[in-house]
Amino acid sequence: GAVVSQHPSRVICKSGTSVKIECRSLDFQATTMFWYRQFPKKSLMLMATSNEGSKATYEQGVEKDKFLINHASLTLSTLTVTSAHPEDSSFYICSATSGGADTQYFGPGTRLTVL
Amino acid sequence: QQPVQSPQAVILREGEDAVINCSSSKALYSVHWYRQKHGEAPVFLMILLKGGEQKGHEKISASFNEKKQQSSLYLTASQLSYSGTYFCGTEGAGGTSYGKLTFGQGTILTVHP
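The structure presented is a predicted model; accordingly, all values stated were derived computationally and were not measured.

1. Describing the sheet that holds strand β8 (residues 76–81) of chain A
Residues and elements named next belong to chain A.
Okay, step 1: Here we have 4 strands laid out as an open sheet, ordered β1-β3-β8-β7, and antiparallel in their pairing. Whereas interior strands pair on both sides, the edge strands pair on one side only; in this sheet they are β1 (4–7) and β7 (67–73). Going from strand to strand, the sheet's axes swing by 15° on average, the running direction of each strand aside.
Okay, step 2: Across 4 bridges, β1 lies against strand β3 (residues 19–25) in antiparallel orientation. Of the residues in β3, the one forming a bridge with Ser5 is Arg24.

Structure (structure tokens):
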């Protein structure tokens, strides 16, 4: 149980294009999903918290107009990197929880490379 | 506030033990431990919620001190598969974090044959 999927696993795009990353909880309803960014050999940095049916809460320093998050259902959240630039290249990981102090289960991550 | 992990790196031979520490300057609501292999997502190990709590099994266990500011992860009789980066994720006390975790900088564990 508690499986979280992400799609795509790897994406390469040109500078200026937008990329959408999907995060799905496969066997449970995720009231809350989190989006993280991780640079090589670094820790996970929380970007935003996404609750089903409401606007995402972004961490300080994260541009909400650049990183669009939609949590349309209890099993799906999407992160769209708009007008991507090379500095947006990173490993993006989502996690899902059923709420409170419950365990966060992580998706397999999406490696984004912007040329 | 990011928790502080120590040590930054550990090198072991199979069968040896290791302890990884995670400290916060303020009392915490919970501590979550994860292991991440290169290029993969973090895998959940365990969560600690109560001060003075100890949990896990014989090989991998963890403790949470009474003040809920420090947690340790114990790896006993290490195996090659234990290699990876270990992260603690902490949730601040006060009930306003809504499950948000702040992760430490990670501890790189390498187990050699």
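2. A look at the environment of Val114 of chain A
Residues and elements named next belong to chain A.
Okay, step 1: With respect to the helices and strands, Val114 occurs in strand β11 (residues 110–114).
Okay, step 2: Residue Val114 is classed as buried on the basis of its relative accessible area of 6%.
Okay, step 3: In this structure the C-alpha to C-alpha distance between Val114 and Thr78, which are 36 residues apart in sequence, comes to 19 Å.
Okay, step 4: Discounting chain neighbours no more than four positions away, the residues touching Val114 are Cys13, Lys14, Ser15, Ala84, His85, Pro86, Asp88 and Ser89.

3. So, the pattern of salt bridges
Residues and elements named next belong to chain A.
Okay, step 1: In this structure the tally under the stated criterion is 4 salt bridges over all chains.
Okay, step 2: Residue Asp88 pairs with Lys66 through a salt bridge whose shortest N-O separation is 2.9 Å. Taken as a pair, Asp88 in the loop between β8 and β9 (90–97) and Lys66 in the loop between β6 (57–58) and β7 lie far apart in primary sequence, 22 residues in all. Across the pair, Lys66 and Asp88 agree in class, each one buried.

4. Topic: the interface of chain B and chain A
Okay, step 1: With 21 residues of chain B at the interface, the matching set in chain A holds 21 residues.
Okay, step 2: Taking both sides of the interface into account, the surface hidden between chain B and chain A amounts to around 1,500 Å²; carbon and sulfur atoms contribute 60%.
Okay, step 3: On the chain B side of the contact with chain A, Pro42, Lys100 and Phe103 of chain B bury the most area, a combined 30% of that side's loss.
Okay, step 4: At the junction of chain B and chain A, the tally comes to 1 salt bridge.
Okay, step 5: The partner of Glu59 of chain A in a salt bridge is Lys100 of chain B, with the nearest N and O atoms 2.9 Å apart.
Okay, step 6: Run the count over chain B and chain A and you get 4 residue pairs in polar contact (both at pLDDT 80 or more).
Okay, step 7: Here the residues of the side of chain B that touches chain A sort into 11 nonpolar, 7 polar and 3 charged.

5. Quick word on the packing of aromatic side chains
Okay, step 1: For the coordinates displayed, the defined rule picks out 10 aromatic pairs over all chains.
Okay, step 2: Taking 6.1 Å as the distance between ring centres and 65° as the angle between the ring planes, the aromatic pair formed by Phe106 of chain A and Phe103 of chain B counts as edge-to-face. In this pair, Phe106 of chain A is assigned in strand β10 (residues 105–106) and Phe103 of chain B in strand β10 (residues 102–103), connecting two distinct chains. As far as the burial class goes, Phe106 of chain A and Phe103 of chain B line up, both buried.
Okay, step 3: A ring pair is formed by Phe87 of chain B and Phe103 of chain B, whose centres lie 6.4 Å apart and whose planes are at 90°; its orientation type is edge-to-face. Placement of Phe87 of chain B in strand β9 (residues 84–92) and of Phe103 of chain B in strand β10 is noted, with a sequence separation of 16 residues between them.
Okay, step 4: Judged by relative accessible area, Phe87 of chain B falls into the buried class, the value being 2%.

How each quantity is defined
Residues numbered from 1 in each chain as written. Chains lettered and ligands numbered in written order. Predicted model: local features only at pLDDT ≥ 70, side-chain atom pairs only at ≥ 80, totals over all residues. Heavy atoms only, no water. Pairing = 2+ DSSP bridges. Helix = DSSP H or I, 4+ residues; strand = E, 2+ residues; numbered from the N terminus. Axes fitted to C-alpha atoms, helices over the stretch in contact; angles between N-to-C directions. Buried < 20%, exposed > 50% of the residue type's maximum accessible area, 1.4 Å probe, protein only. Contact = heavy atoms within 4.5 Å. Salt bridge = Lys/Arg side-chain N within 4 Å of Asp/Glu carboxyl O. Buried area = accessible area lost by both parts, 1.4 Å probe. Polar contact = N/O pair within 3.5 Å; in protein donor to acceptor, adjacent residues only side chain to side chain. Nonpolar A, V, L, I, M, F, W, Y, C, P; charged D, E, K, R; others polar. Phe/Tyr/Trp six-rings, centres within 6.5 Å; stacked < 30°, edge-to-face > 60°.

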